[in-house]
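A structural walkthrough
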Amino acid sequence: MFDLVSLGELLIDFTPAGISPQQNPLYEQNPGGGAANMAVAAARYGLRCAFIGKVGDDFFGHFLKETLQQVPVDTSGLILSRSHKTTLAFVKLQPNGERDFSFYRKEGADVMLQKDEVDFSLIDRARALHFSSLTMTNAWSKEATLAAAHRAKLGGKLVTYDANWRPLLWESEAQCRASMLEGLRHCDIAKLSREELCYLTGEEHTEPGAKKLLTMGPRVLLVSHGEKGSRCYWEEGRIDVPPHPARAVDGTGAGDCFFGNAVAALLQHDFSIQKIDPQLLREALTYASKAAAYCVERKGAIPAMPTPADLAQF
């Protein structure tokens, strides 16, 4: 049995790592990808996690598989493809830790996952399934992603979703918005940034935007406001969670760290989507906020995910 199965992207983040003696930029090979980050964050919390996805049968792909296994995250649902290369992303960091991405992803392995390659037995044996919009940019991986979400829903699993807006990965703005909204219709808990919420709803403020999205499928919305903390919305209420102080170095994976730890804490305490416990939500999000602060003070995504012991000393 697994607590959480995460389906989606697993890739290499090349993160700035200084300047060479020849005065050229250096980049460090870091394991990442939103869905993989989510699985690692929950596994570091202490849950039993598995990952479903595809990487290339190349040295990047083998490095990523070994990284997950060391956490440990079960990789029996990870496919090593001889037909497609591992997806790469180059990260540009701003002084405040914010980042821009340049993706090398056309026909990258993560978006070439097909429905018949998904190990649905992993979902059947899990308490929760996580997915994001990033595997919905390609028709094949979109079909696989929605089939997994449908299977989880039929099985009564908790389904979590990260809207994860990356405009450059979509063929058109219309396709982007429609697919991101479609993902919302298949989940119980969704995480969005304030910018993503405003983009999807056309609202300038989060309160009316959240009310709109809650009519589309999710029962709970987690809305991150970066340095200003986060808000949680559900039909009957709202919780504001202040940020945990941090000296940001690299924001890569911070949102995944926040979401992964929040979901892990909820699962650890048998959270019910049918009977929402506001106090449990507040405690989970407060813990997740501290985890995200720990993450942004370190470079890379997966390498920066904390354990409870790390946070006890933070």
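Report on the accompanying structure. Because the structure is predicted, anything quoted here is derived from the model rather than measured.

1. Quick word on the pairing of strand β11 (residues 220-224)
Side-chain positions along a regular strand alternate between the two faces of the sheet. Counting buried positions along β11 gives four out of five residues, so the element sits mostly inside the fold. Here five bridges tie strand β10 (residues 189-193) to β11, and the two strands are oriented parallel to one another. Bridge assignment links S193 to a residue of β11, and that residue is S224. Here five bridges tie β11 to strand β12 (residues 230-234), and the two strands are oriented antiparallel to one another.

2. Focus: the layout of surface pockets
Approximately 270 Å³ is the volume found for the second largest pocket. Contributing to the lining of the second largest pocket are F103, R105, K106, E107, V111, T137, N138, L168, L169, W170 and E171. Per-class residue counts for the lining of the second largest pocket are five nonpolar, two polar and four charged.

3. A few points about the packing of aromatic side chains
Taken as a whole, this structure holds 10 aromatic pairs when the rule is applied. Seen in terms of ring centroids, F59 and F60 are 4.7 Å apart; in terms of plane orientation they differ by 55°. Their pairing is tilted. Classification of F60 as buried rests on a relative accessible area of 15%. Ring centres 4.9 Å apart and planes at 35° place the aromatic pair F131 and Y161 in the tilted group. Within this pair, whereas F131 is found in strand β8 (residues 126-132), its partner Y161 is found in strand β9 (residues 158-162), the two being separated by 30 residues in sequence. Comparing F131 with Y161, the two get one shared label, buried. Clustering of aromatic rings is evident, with ring pairs tying together F14, Y27, F59, F60, F90 and Y104. When the ring centre of Y294 is taken as reference, the NZ or CZ atom of R298 above it lies at 3.6 Å.

4. Let's talk about the sheet that holds β12
Taken in spatial order, the nine strands make up an open sheet running β5-β4-β1-β8-β9-β10-β11-β12-β13, and their pairing is mixed. The strands lining the two open edges of the sheet, one partner per strand, are β5 (74-81) and β13 (237-241). In this sheet, adjacent strand axes meet at a mean angle of 15° when their direction is disregarded. In this sheet, β13 lies alongside β12 in antiparallel orientation, the contact comprising five bridges. Pairing of R231 across the sheet is with D240, part of β13. Lying over the sheet, helix α4 (residues 139-154) contacts β1 (2-7), β8 and β9, oriented at roughly 150° with respect to β8. Strands β10, β11, β12 and β13 of the sheet are contacted by helix α7 (residues 206-213), whose axis makes an angle of about 40° with β12.

5. Let's talk about helix α6 (residues 194-201)
Counted residue by residue, α6 has six buried out of eight residues, so it is predominantly covered. Looking only at α6, the buried set comprises E196, L197, C198, Y199, L200 and T201. Packed against the buried residues of α6 are α5 (173-184), β10, α7 and β11. Within two residues after α6, G202 carries a phi angle of roughly 75°, on the positive side.

6. A short note on α4
In a regular helix each residue adds 1.5 Å, so 16 residues correspond to 22 Å; α4 covers 22 Å between its end C-alpha atoms and thus fits that length. Along α4, the residues that are buried comprise S141, A144, T145, L146, A147, A148, A149 and A152. The secondary structure elements touched by the buried residues of α4 are β1, α3 (120-124), β8, β9 and α5. Phi turns positive, to about 75°, at G156, one or two residues after α4.

Rules used in this analysis
- Residues numbered from 1 in each chain as written.
- Predicted model: local features only at pLDDT ≥ 70, side-chain atom pairs only at ≥ 80, totals over all residues.
- Heavy atoms only, no water.
- Buried < 20%, exposed > 50% of the residue type's maximum accessible area, 1.4 Å probe, protein only.
- Helix = DSSP H or I, 4+ residues; strand = E, 2+ residues; numbered from the N terminus.
- Pairing = 2+ DSSP bridges.
- 1 Å grid on protein atoms, 1.4 Å probe; cavity = no way out; pocket = protein on both sides within 12 Å on 5 of 7 lines; lining within 4 Å.
- Points joined across faces, edges and corners; volume = space filled by probe spheres on them.
- Nonpolar A, V, L, I, M, F, W, Y, C, P; charged D, E, K, R; others polar.
- Phe/Tyr/Trp six-rings, centres within 6.5 Å; stacked < 30°, edge-to-face > 60°.
- Lys NZ or Arg CZ within 6 Å of the ring centre and 35° of its normal.
- Axes fitted to C-alpha atoms, helices over the stretch in contact; angles between N-to-C directions.
- Contact = heavy atoms within 4.5 Å.
- Expected span 1.5 Å × (residues − 1).

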